[in-house]
Amino acid sequence: MFCFGQKSCSILLVCVLCTSPDSFLCYLLTFLLFHSCYAAPAAITQDLTDKMFTFPQESNTAYVKLTPKRVDFGAITVCLRTITDLNRNHGLFSLSAPPSDSNAFLIFNPAAGGIQIYAHNKQGTFRGDYKVNTWHSICSTWDSVTGLVQLWLDNKPFIRKYVGGARIKNPVIIIGQLIKERYPHGGGFDKTQSFVGTMSDVHMWDYTLSACEIQKYMLDRNLTPGNVLNWKALDYTTYGRVLTEQKTTCSCTE
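This structure is a prediction, so every number in the text was calculated from the model and none was measured. (Residues numbered from 1 in each chain as written. Predicted model: local features only at pLDDT ≥ 70, side-chain atom pairs only at ≥ 80, totals over all residues. Heavy atoms only, no water.)

> Please give an account of the state of the cysteines that cites residues and values.
Using the criterion set out here, one finds one disulfide in the structure. What pairs with Cys-79 in a disulfide is Cys-139, and their sulfur atoms sit 2.0 Å apart. Judged by the sign of its S-S torsion, about 115°, the cystine formed by Cys-79 and Cys-139 is right-handed. Of this pair, Cys-79 sits in strand β7 (residues 75–84) while Cys-139 sits in strand β12 (residues 136–143), and the two are 60 residues apart along the sequence. In this structure, Cys-79 and Cys-139 share a single accessibility class: buried. (Disulfide = S-S within 2.5 Å. Helix = DSSP H or I, 4+ residues; strand = E, 2+ residues; numbered from the N terminus. Buried < 20%, exposed > 50% of the residue type's maximum accessible area, 1.4 Å probe, protein only.)

In structure tokens form, the structure reads like this:
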């Protein structure tokens, strides 16, 4: 008798009867059962208009991996909307360039307040009024030619700051966790820097959006969707406890 059990598939405990340790059938069944536990969640492409990702608890396993339509960047614009009650360090958008550039492009909210934009592990700090339990619209840009990053927070532009940086290639992009040194497939992140809250309308472009285009995003008016990540046709994979929910709006009258 050969018994198969796996911690990550706690509800599954299968015992396979084998006539001998070298039985082909035994190995085949074991392989299939092993694969059913370890297979990565399937990526899907979906129109997420009027939807949002909810990360309901601190975790080192819950995140969303985003698959970009392009993989070579000399400039980047990322826009997203988010709400959280966190007062500690947490990442909002994490793009790494394996094998070693973990903060190739990162939007980070430090415990001290404000927002930090990283490019190639060098940061620009912006002292914005980032309140908890409040929806915020965030856009950030970076250009490898000028080396400048800029933050827009709730339709307010901040001064541009120099961080430098070369082109970014073959990225891994996730939301919900902070990539440290390398992308740990399926988990192993630092839960004390995980995101807890809700995120929506994530777009990414391989160029710096104009001020007018960023204002369109902020005001939700006829935006040109991202050509790298497009919330209306998002290619993504969820891991752990991440909910895809409908946005809710309420107009109450007496």
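> How would you explain the environment of Ser-100 if you had to name every residue and give the values?
Tracing the sequence through the fold places Ser-100 in the loop between β8 (90–97) and β9 (101–109). Assessed through its relative accessible area of 60%, Ser-100 is described here as exposed.

> Help me get a handle on the sheet that holds strand β3 (residues 44–46), residues and values and all.
Ordered in space as β3-β19-β5-β17-β8-β9-β10-β11, the eight strands form an open sheet in which the pairing is antiparallel. The strands lining the two open edges of the sheet, one partner per strand, are β3 and β11 (122–126). Geometrically, the sheet is characterised by an average inter-axis angle of 25° between neighbouring strands, direction not taken into account. Looking at chain direction, strand β10 (residues 115–119) and β11 are connected through five bridges and run antiparallel. Bridge pairing in β11 links Gln-116 to Thr-125. (Pairing = 2+ DSSP bridges. Axes fitted to C-alpha atoms, helices over the stretch in contact; angles between N-to-C directions.)

> Break down the layout of surface pockets for me, with residues and values.
Considering only enclosed or pocket space, the second largest pocket measures out at about 300 Å³ in volume. Taken together, 15 residues line the second largest pocket, and the ones lying closest to its centre are Arg-81, Asp-201, His-203, Asp-220 and Lys-232. For the lining of the second largest pocket, the elements supplying multiple residues, two or more each, are β18 (197–205) and α2 (211–219). For the lining of the second largest pocket, a count of residues per class yields five nonpolar, three polar and seven charged. (1 Å grid on protein atoms, 1.4 Å probe; cavity = no way out; pocket = protein on both sides within 12 Å on 5 of 7 lines; lining within 4 Å. Points joined across faces, edges and corners; volume = space filled by probe spheres on them. Nonpolar A, V, L, I, M, F, W, Y, C, P; charged D, E, K, R; others polar.)

> Describe the pairing of β10, with residues and values.
One face of the sheet, then the other: side chains in a regular strand alternate in exactly this way. For β10, the tally of buried residues reaches five of five residues, placing the bulk of the element in the interior. The alternating pattern of β10 places Ile-115, Ile-117 and Ala-119 on one face and Gln-116 and Tyr-118 on the opposite face, and all of these are buried. Two strands pair when backbone bridges link them, and β9 and β10 are joined in this way by four bridges, in the antiparallel orientation. By the bridge assignment, Ile-107 is partnered in β10 with Ile-117. Once β9 ends, the chain turns through five residues before running back antiparallel as β10, passing Gly-113 with a positive phi of about 105°. Connecting β10 to the antiparallel partner β11 that follows it, the hairpin turn spans two residues, and His-120 within it adopts a positive phi of roughly 50°.

> Just give me the short version of the packing of aromatic side chains, but keep the residues and values in it.
Following the criterion strictly, the structure yields eight aromatic pairs and no others. Ring geometry for Phe-53 against Tyr-236: centres 5.2 Å apart, planes inclined by 65°, an arrangement best described as edge-to-face. Taken as a pair, Phe-53 in strand β4 (residues 51–55) and Tyr-236 in strand β19 (residues 234–239) lie far apart in primary sequence, 183 residues in all. On the basis of relative accessible area, Phe-53 is assigned to the buried category, the value being 0%. Of the residues examined, Tyr-236 reaches a relative accessible area of 4% and is grouped as buried. Ring geometry for Phe-108 versus Tyr-118: centroids 6.4 Å apart, planes at 85°, classification edge-to-face. (Phe/Tyr/Trp six-rings, centres within 6.5 Å; stacked < 30°, edge-to-face > 60°.)

> Which residues make up the pattern of salt bridges, and what values go with them?
Side chains that differ in sign of charge can pair as their charged atoms come close. For the coordinates displayed, the defined rule picks out eight salt bridges. Taking the shortest distance from any N to any O, the salt bridge between Asp-72 and Arg-167 comes out at 3.0 Å. In this pair, Asp-72 is assigned in strand β6 (residues 72–73) and Arg-167 in the loop between β15 (161–162) and β16 (168–169), connecting sequence segments 95 residues apart. Classification of Arg-167 by relative accessible area gives partly exposed; the value is 48%. One salt bridge in this structure joins Lys-131 and Asp-129, with 3.8 Å as the shortest N-O distance. Salt bridges sharing partners connect three or more residues here, namely Arg-81, Asp-201, Asp-220 and Lys-247. (Salt bridge = Lys/Arg side-chain N within 4 Å of Asp/Glu carboxyl O.)

> Which residues make up the side chain of His-136, and what are the values?
Among the secondary structure elements, His-136 is positioned in strand β12. Among the polar contacts listed, one links the side chain of His-136 to the side chain of Asp-154, at a separation of 2.8 Å. In this structure His-136 touches Leu-80, Arg-81, Thr-82, Asp-129, Tyr-130, Lys-131, Leu-153 and Asp-154, once residues within four positions along its chain are discounted. (Polar contact = N/O pair within 3.5 Å; in protein donor to acceptor, adjacent residues only side chain to side chain. Contact = heavy atoms within 4.5 Å.)

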